[in-house]
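The residues making up each chain are set out below.
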Amino acid sequence: MEITKELEDRLRLLNAKYEAIGQDLISYLDGLLYSEVTTYWDYIQLDTLLSLQKPKTSFPDEVVFIGYHQITELYFKLAIQELVCLGKETEPTKSSFLMRLNRVNRYFDALIRSFSIMVEGMDQKEFLRFRMALLPASGFQSVQYRQIELHSTDLIHLVTSSKRDEFTEDDAPEKMYPFIYWKYGATEQLTGKKTLTLTQFEVRYDEELLELSEKCSNTNLWQIYKRLSPEDQNDPKVIEALKTNDLNVNVYWPLAHYKSAVRYLSKSGEDIAATGGTNWQKYLPPKFQKRIFYPALWSAEEIASWGKGWVEEQIRSLLKGL
Ligand code: HEM
């Protein structure tokens, strides 16, 4: 084989790379000689991936339930990666802001469109049986969902709506964190006490999430947006992308999700208790939670009617079909 100029150049570059870190290029070339070529199944860890669906019952639809939760968590992971990358930008540009935010928006678009896999894709009788084997686990315990929220907005906007007025944006995260909306939502229907689903989640994640909320007070998406030039902040494309994000995460996804709760947990007028034990009819609808990441971008009227029209219309059509 001829040692071409191109090959020589590459060897020189490789040598410089390994010398810089005190390593011997020849040993690394030996490594190349003996290593296996990469296969698709090893690269994406297919065997491991397909071994991760471990149903607790023998109902086939439980695999649909587990699989779709896992798919959702993978999209959440990709969304967080974009938000973390943006959070590290000290001088963000409009193009990087839009590029990353539009990626997050696409992941949520995909999740919203595919939620029918849950809403229509399982047998209700099977669902109601296998879910009893999962108590008290609930999607409520999805830490990545909470991380997305903290990476998106100032903590004050995640404080439960009835307490929000008691805080200002400058309050320390540790002062606001105990009043975050989901701590209020997860109370037992009958006693009003914290649910086991919530207390387990708090033991596992409270410390981590409080730390993250402190970190995100300077790095969340809204703070990054405010670092753009005034001209870029007013760019209709930027505002549109932020509004889409707000609607996707706080109205359309919660609504698609709520539809599955209505489909499986509402039965001719009576409500079936949720696995997490919350008063889900009151807790889940966007119009009650009024979670809005970027309120400064919406009119008072839009805020007042947040999530209303969509929810009512969807519930009416769903209840008709039951
Ligand atoms: C048939 C499908 C589903 C039903 C019936 C359902 C039901 C519920 C209910 C009733 C709650 C309220 C908490 C509780 O008491 O458990 C809840 C919360 C939640 N679920 Fe689901 N769920 C479904 C699918 C999913 C999927 C696929 C995900 C994806 C990760 C998910 C993520 C969540 C999250 C993040 C919350 C908390 C929402 C919030 O705090 O606003 N759920 N779910």
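Calculation criteria
- Residues numbered from 1 in each chain as written.
- Predicted model: local features only at pLDDT ≥ 70, side-chain atom pairs only at ≥ 80, totals over all residues.
- Heavy atoms only, no water.
- Near = heavy atom within 4 Å.
- Polar contact = N/O pair within 3.5 Å; in protein donor to acceptor, adjacent residues only side chain to side chain.
- Helix = DSSP H or I, 4+ residues; strand = E, 2+ residues; numbered from the N terminus.
- Phe/Tyr/Trp six-rings, centres within 6.5 Å; stacked < 30°, edge-to-face > 60°.
- Buried < 20%, exposed > 50% of the residue type's maximum accessible area, 1.4 Å probe, protein only.
- Donors = N, O, S within 2.8 Å, 3.2 Å for Na, K, Ca; no water.
- Core = buried A, V, L, I, M, F, W, Y, C linked by side-chain atoms within 4.5 Å.
- Contact = heavy atoms within 4.5 Å.

Draft legend 1. Representation of the site of the ligand. Taken together, 30 residues lie around the ligand, and Ser138, Arg146, His257, Thr278 and Tyr283 are the ones closest in. Residue Ser138 places a side-chain N or O atom 2.7 Å away from an oxygen atom belonging to the ligand. Of all the elements, helix H15 (residues 236-265) adds the most residues to the shell around the ligand, at six residues.

Draft legend 2. Looking closely at the packing of aromatic side chains. Taken as a whole and assessed by the stated rule, the structure comprises 26 aromatic pairs. Measuring from centroid to centroid gives 5.3 Å for Phe167 and Phe179, while their planes differ by 50°, and the two rings are tilted. Taken together, the residues span a long stretch of sequence, with Phe167 in the loop between helix H9 (143-152) and helix H10 (173-176) and Phe179 in the loop between H10 and helix H11 (181-185) at a distance of 12 residues. You can call Phe167 buried: its relative accessible area is 11%. Between the aromatic rings of Trp298 and Trp306, the centroid separation amounts to 5.2 Å while the plane-to-plane angle is 75°, which identifies the pairing as edge-to-face. Neither residue differs from the other here; Trp298 and Trp306 are each classed as buried. An aromatic cluster is defined as three or more aromatic residues linked by ring pairs; in this entry it consists of Phe140, Tyr177, Tyr181, Trp182, Phe201, Tyr205 and Tyr283.

Draft legend 3. Geometry of the coordination of the iron atom of the ligand. Within the protein, a single donor atom binds the iron atom of the ligand, namely His257 (NE2) at 2.0 Å. By the secondary structure assignment, His257 is in helix H15.

Draft legend 4. Structural detail: the nonpolar core. Residues Phe97, Trp182, Leu242 and Leu265 are the most contacted members of the largest nonpolar core, which totals 73 residues. Setting aside anything within four residues of it in sequence, one finds Phe97 in contact with Leu86, Leu221, Ile224, Tyr225, Leu228, Val238 and Leu242.

Draft legend 5. Up close: unusual backbone geometry. Cis geometry marks the peptide bond from Leu135 to Pro136, where omega comes out at -10°. Following the sequence through the fold, Pro136 ends up in the loop between helix H8 (124-130) and H9. Of note, Gln45 is a non-glycine position whose phi angle comes to about 55°, a positive value. Looking at the secondary structure, you find Gln45 in the loop between helix H3 (40-43) and helix H4 (46-50). Exposure remark for Gln45: the relative accessible area of 45% places this residue in the partly exposed category. The phi dihedral of Lys290 falls on the positive side, at around 45°, and the residue is not glycine. In this fold, Lys290 is placed in the loop between helix H17 (286-289) and helix H18 (300-304).

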